[in-house]
Amino acid sequence: MTLFPPIKPFADGLIDVGDGHRLYWEQVGRADGTTVLFLHGGPGAGCSERHRQLFDPAHYRAVLFDQRGAGRSLPFGELSANSTPHLIADIEALREHLKIERWLVVGGSWGSTLALAYAQTHPERVIGLILRGVFLGRDSEVDWFMHRMGDFQPEAREAFLSIIPEAERGDLLSAYYARLTDPDRDVRVAAARAWAGFEDACATLLPQPASQGADAVAYSIARLEAHYFVNRLFLADAPLLDNMAKIAHLPAVVVQGRYDLVCPPVSAWELAQAWPKAELVVVPDAGHSLWEPGILDATLAALERCKALA
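Here the structure is a predicted model, which is why all the values come from computation and not from measurement.

1. Brief notes about the overall build of the chain
Thought 1: When you go through the chain residue by residue, the secondary structure sums to ten helices and eight strands.
Thought 2: In summary, the chain has a C-alpha radius of gyration of 18 Å against a globular reference of 19 Å for 310 residues, a match within 12%.
Thought 3: In terms of its C-alpha atoms, the chain occupies a principal-axis envelope of roughly 55 × 40 × 40 Å.
Thought 4: Counting every position in the chain, which comprises 310 residues, the buried fraction comes to 55%.
Thought 5: Considering only contacts in the chain between residues 6 or more positions apart, those separated by 24 or more positions represent 74%.
Thought 6: A total of about 13100 Å² of accessible surface is found on the chain, and carbon and sulfur atoms cover 54% of it.
Thought 7: Distance from the positive charge centre (28 side chains) to the negative charge centre (39 side chains) of the chain: 5 Å.

2. Describing the pairing of strand β4 (residues 60-65)
Along any regular strand the residues' side chains alternate between the sheet's two faces.
Thought 1: In terms of residue burial, β4 counts as a mostly covered element, since six of its six residues are buried.
Thought 2: The side-chain alternation of β4 yields two buried faces, one formed by Y60, A62 and L64 and the other by R61, V63 and F65.
Thought 3: Across five bridges, strand β2 (residues 21-29) lies against β4 in antiparallel orientation. Considered in β4, the bridge of Q27 is made with V63.
Thought 4: Pairing analysis gives five bridges linking strand β3 (residues 34-39) to β4, with the strands arranged parallel. Along β4, the bridge assignment pairs F38 with L64.

3. Some remarks on the packing of aromatic side chains
How two aromatic rings sit relative to each other is given by the distance of their centres and the angle of their planes.
Thought 1: Using the criterion set out here, one finds 16 aromatic pairs in the structure.
Thought 2: Each ring, one from Y176 and one from W195, has its centre 5.6 Å from the other, and the planes form 75 degrees; the classification is edge-to-face. Separated by 19 residues along the polypeptide, Y176 in helix α6 (residues 172-180) and W195 in helix α7 (residues 185-202) bring together distant segments of the chain.
Thought 3: Judged by its relative accessible area of 0%, Y176 is buried.
Thought 4: Ring centres 5.1 Å apart and planes at 80 degrees place the aromatic pair Y228 and F234 in the edge-to-face group.

4. Examining the pattern of salt bridges
Thought 1: Throughout the structure, instances matching the rule amount to 17 salt bridges.
Thought 2: The shortest N-O distance in the salt bridge between D90 and R68 comes to 2.7 Å. Taken together, the positions of D90 in helix α2 (residues 84-97) and R68 in the loop between β4 and α2 put the pair 22 residues apart, joining distant regions of the chain.
Thought 3: Accessibility expressed as a relative area gives 3% for D90, which makes it buried.
Thought 4: With a relative accessible area of 3%, R68 lands in the buried category.

5. As for a nonpolar patch on the surface
Thought 1: Taken together, L205, L206 and Y259 make up a surface patch of nonpolar side chains, about 330 Å² in accessible area.
Thought 2: If you trace the backbone, L206 turns up in the loop between α7 and α8 (214-230).
Thought 3: Look at L206 and you get exposed, because its relative accessible area is 59%.

The rules behind these values
- Residues numbered from 1 in each chain as written.
- Predicted model: local features only at pLDDT ≥ 70, side-chain atom pairs only at ≥ 80, totals over all residues.
- Heavy atoms only, no water.
- Helix = DSSP H or I, 4+ residues; strand = E, 2+ residues; numbered from the N terminus.
- Rg over C-alpha atoms; globule rule 2.2 N^0.38 Å.
- Buried < 20%, exposed > 50% of the residue type's maximum accessible area, 1.4 Å probe, protein only.
- Contact = heavy atoms within 4.5 Å.
- Areas by Shrake-Rupley, 256 points an atom, 1.4 Å probe, with all protein chains shown as cover.
- Lys, Arg positive; Asp, Glu negative; His and termini not counted.
- Charge placed at Lys NZ, Arg CZ, Asp CG, Glu CD.
- Pairing = 2+ DSSP bridges.
- Phe/Tyr/Trp six-rings, centres within 6.5 Å; stacked < 30°, edge-to-face > 60°.
- Salt bridge = Lys/Arg side-chain N within 4 Å of Asp/Glu carboxyl O.
- Patch = residues over 30% accessible without salt bridge, like charges linked within 9 Å, V, L, I, M, F, W, Y side chains within 5 Å.

All quantities given are derived from atomic positions and should not be read as evidence of function.
What follows is the structure, given as structure tokens:
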């Protein structure tokens, strides 16, 4: 399957959600179509024009927005008043602003985490979910990212470690967080480049060229990911797997790369085991990125099947 042709929004804007944050949102496709909400990864990655092309414009009314501190939302890279409960409230504010009753929720990586947290908080607003590269926000997953993922990419890990003195490497997260919040912008940018470069190297089965605007995206991704990691994804009091009964009735498709280093397949498998109405699709020749051919095909196929939902 291939992406749909490039498309412009039929509506967009900024919504003031308080705490000094204004979120960029846009809608593409059919104004009277089945509504689907897209949740980007990171935290901090933001949406791109290519994300619009996931959704059949003849069927879907797709709503995309940049989460706090990401993309075209303001202020860029901001950490204050930025947590999972804030983002859940933002989604509800956007839903009410756009006068949407219920929607299909699509999210990958961190977007899968936020999709689950949102659905468990507001199950009555969700008709189904499509999740990709599942991340459940557990301590073990954060530890994997910081300390074990590099076993499969030792060259990238060496670059990741290079800006941290050996004495601080026992707690890489704290060491990086200190630099990503340093008063000196040059220190923050250097740390962000190293963090994002490490993640990028691990995100695909085969190496991919660097994207345009890499420094800006790296800055928001690194700062926000570290902020959320330090705060245990703001999920410590509500582990996602413990709350599956709240959404057990909802259908879902879970797309997972067999060789996903960023979010290992065990999380998707455990999620599917706890969710009888979820279909787990394991792509045998893919890693983490949405843009790998097998992951993209499976995601587009899931969107096609979910056209039957209403």
